[in-house]
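What the coordinates show
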Amino acid sequence: SSKTFWTTTGMFPQELIIGFPKCVKISKVAIQCYLVRTLRIERSISKDPVGFEQCIEKDLQHTEGQLQMEEFPLPEFQATYLRFIIKSAFDHFVSVHRVMAEGT
């Protein structure tokens, strides 16, 4: 729902894990968030959310009063879980409004 979001508790790093019903091929990940400074995306192909490996880490631009919209084209790879780690922020609290993964 566009009216819901996930917010941090005020200290960093913070993480959010998204699980898929089975291992999927992902070609692109997109995120809409607010006040995130540094974001790392990791993946796991395990049955359980363990053994993560880093896919990308990026410093996002500050967009005062607007959502940050970032797309991360990724080489075709498999993942059962995606972990989003917010390493730092432009304020004490940040929010994640939407996460999208494209693939098969």
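Everything here concerns the structure above.
These lines cover the structure that appears in this document, whether it is placed above or below. (Residues numbered from 1 in each chain as written. Predicted model: local features only at pLDDT ≥ 70, side-chain atom pairs only at ≥ 80, totals over all residues. Heavy atoms only, no water.)

Bringing the nonpolar core into the picture now. Formed by 21 residues in total, the largest nonpolar core has its most connected members in Leu39 and Phe84. For this core, the elements supplying multiple residues, two or more each, are strand E2 (14-34), strand E3 (36-44) and strand E5 (68-89). (Core = buried A, V, L, I, M, F, W, Y, C linked by side-chain atoms within 4.5 Å. Buried < 20%, exposed > 50% of the residue type's maximum accessible area, 1.4 Å probe, protein only. Helix = DSSP H or I, 4+ residues; strand = E, 2+ residues; numbered from the N terminus.)

All right, on to the sheet that holds E3 then. Within a sheet, neighbouring strands are paired by backbone hydrogen bonds and run either parallel or antiparallel to one another. The strand order E1-E6-E2-E5-E3-E4 describes an open sheet built from six strands, whose pairing is antiparallel. Sheet topology places strand E1 (6-7) and strand E4 (53-59) at the edges, where each strand pairs with a single neighbour. Of the strand pairs in this sheet, E2 and E5 are connected by 15 bridges, and their pairing is antiparallel. Paired with Leu16 across the two strands is Phe84, which belongs to E5. (Pairing = 2+ DSSP bridges.)

Locating Arg40 in the fold gives a position in strand E3. Beyond its immediate sequence surroundings of up to four residues, Arg40 is in contact with Gln54, Ile56, Glu57, Arg83, Phe84, Ile85 and Lys87. (Contact = heavy atoms within 4.5 Å.)

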